[in-house]
Amino acid sequence: MPRLSQWMIRSSLLWLLLGSTVGGLLLMNKAVPFSTWSACDPQTCTGWAALLRWLAGWLWAWRSSHVHTMLVGWMLQLAYGVAFWILPRLDARGSRGNEALAWGCYWALNLGALLAVLEPPLQSWLPGWLAATLLVLGGGLYIVANAAFVAHAWPRVVAFRLHPRPERASAKAE
Amino acid sequence: MPVQARFFIRTALVYGLLAFLLGGLLLINQGLTLYPRLGALLPVFYHLLMVGWAFQLICGVALWMFPPLSREQPRGNERLGWVVYGTLNVGLLLRAIWEPWLAWGGAGWPLVVSALLQIVAMWVFVWLIWPRVKGRAKPKVQ
């Protein structure tokens, strides 16, 4: 497995850890709201009870982050990582074409996902212009990432073909 | 294809069928407004599709096709693979039953168990597959 695929697949697994944990907490909070785990008056709550009450409200902001984490960080990135590994090579030396484009996709995708995941839970603390900037940057990076991967992969989507071995190719050239 | 991969992939295919059956019914219901309470099944549809079908298919194919861990244990600790299979499917079935039940006024605690089981399944899967994400071993120099 090439180095870039290892990076993409391992990063996607890290996103899976985050996404599954957030998803699980969201489901628990939906089933038995954390605010009900400790009975106290909302006006005078302190300590753990106050923290649980606050967490129950804040978790809801992570819902769209959960979607970005699982769809982009985990699944899309895993698909790209595996595609970079198994799509047909371009020549007998095993070239995978323009690898810089695929690396560009890796960084843009992860940075874009990070911004898209962090914006909703941080939104209430950020000034409006900064929250909007994070979303615009995240969206732009998603577009760049996917365009870069399409540009990388397009020439590799070809019919089965046999390449001569490099030694024979060089011998013929001589 | 190893037995474990066949279990994952066939179960994923069954979930795919169930998910699209449910998704189709939800669309029909939305168009004809037959039974409004069916709307509570929408999150179940999403998770049957993305966890039951997509995630489970990925597990099966990855456990089958990723580079072998070693000559003695090509697919790592297979018992952990069965833990993933069991916790994922029990967790997802609990969710499929109790999430609409909760929306219709039922108890929610089985969903806490479901959430914990699904988290365990995904963390164990990462634990199992992580060491198999690797390049080709370099030949030993004699």
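Everything numeric in this text was worked out from a predicted model, so none of it was measured.

Caption draft 1: Quick look at the overall build of chain B. For chain B, the helix and strand inventory stands at four helices and zero strands. The order of helices and strands in chain B, counted from the N terminus, is α-α-α-α. Projecting the C-alpha coordinates of chain B onto the three principal axes gives extents of approximately 75 × 30 × 20 Å. The proportion of buried residues among the 142 residues of chain B is 45%. Look at the contacts in chain B between residues 6 or more apart in sequence, and 77% of them connect residues 24 or more apart. About 8,300 Å² of surface is accessible on chain B, with carbon and sulfur atoms providing 72% of the total.

Caption draft 2: Quick peek at the nonpolar core. By size, the foremost hydrophobic cluster in this structure holds 78 residues, and its most contacted members are L13, L16 and W74 of chain A together with F55, F66 and F125 of chain B. Of the residues forming this core, the biggest block, 12 residues, is contributed by helix 1 (residues 3-31) of chain A. The contact partners of W74 of chain A, leaving out residues within four places of it in the chain, are S12, L13, W15, L16 and T69 of chain A together with F55, I58 and F125 of chain B.

Caption draft 3: Inspection of the pattern of salt bridges at higher detail. Residue and element names in this part refer to chain B. For the structure on display, the rule yields three salt bridges over all chains. Here R75 and E78 are joined by a salt bridge, their closest N and O atoms 3.7 Å apart. Judged by relative accessible area, R75 falls into the partly exposed class, the value being 24%. The class for E78 is partly exposed, based on a relative accessible area of 36%. E99 is the salt-bridge partner of R95, the closest N and O atoms lying 2.9 Å from each other. Placement of the pair is R95 and E99 together in helix 3 (residues 78-103), with a separation of four residues, close to one helical turn. A residue is classified by how much of its surface remains accessible, and E99, at 2% relative accessible area, is buried.

Caption draft 4: Examining the confidence of the model for chain A more closely. Averaged over all residues, the pLDDT of chain A equals 90, while 95% of them reach at least 70. Within chain A, the element-level pLDDT minimum falls on helix 6 (residues 166-173) of chain A, averaging 58, and the maximum on helix 4 (residues 99-122) of chain A, averaging 97.

Caption draft 5: Focus on the layout of surface pockets. Counted as a void, the largest pocket has a volume near 680 Å³. Lining the largest pocket are 28 residues, with H66 and V67 of chain A together with Y46, H47 and R95 of chain B positioned closest to its centre. Of the residues contributing to the lining of the largest pocket, the split by class is 17 nonpolar, seven polar and four charged. A volume near 330 Å³ is recorded for the second largest pocket. In terms of lining, the second largest pocket is formed by M75, L78, A79, V82, W85 and I86 of chain A together with L57, I58, V61, A62, M65 and F66 of chain B. Those elements that provide at least two residues to the lining of the second largest pocket are helix 3 (63-86) of chain A together with helix 2 (42-65) of chain B. At six residues, helix 3 of chain A tops the list of elements feeding residues into the lining of the second largest pocket. Along the lines of polarity and charge, the residues of the lining of the second largest pocket split into 12 nonpolar, no polar and no charged.

Conventions adopted
Residues numbered from 1 in each chain as written. Chains lettered and ligands numbered in written order. Predicted model: local features only at pLDDT ≥ 70, side-chain atom pairs only at ≥ 80, totals over all residues. Heavy atoms only, no water. Helix = DSSP H or I, 4+ residues; strand = E, 2+ residues; numbered from the N terminus. Buried < 20%, exposed > 50% of the residue type's maximum accessible area, 1.4 Å probe, protein only. Contact = heavy atoms within 4.5 Å. Areas by Shrake-Rupley, 256 points an atom, 1.4 Å probe, with all protein chains shown as cover. Core = buried A, V, L, I, M, F, W, Y, C linked by side-chain atoms within 4.5 Å. Salt bridge = Lys/Arg side-chain N within 4 Å of Asp/Glu carboxyl O. pLDDT = per-residue confidence, 0-100. 1 Å grid on protein atoms, 1.4 Å probe; cavity = no way out; pocket = protein on both sides within 12 Å on 5 of 7 lines; lining within 4 Å. Points joined across faces, edges and corners; volume = space filled by probe spheres on them. Nonpolar A, V, L, I, M, F, W, Y, C, P; charged D, E, K, R; others polar.

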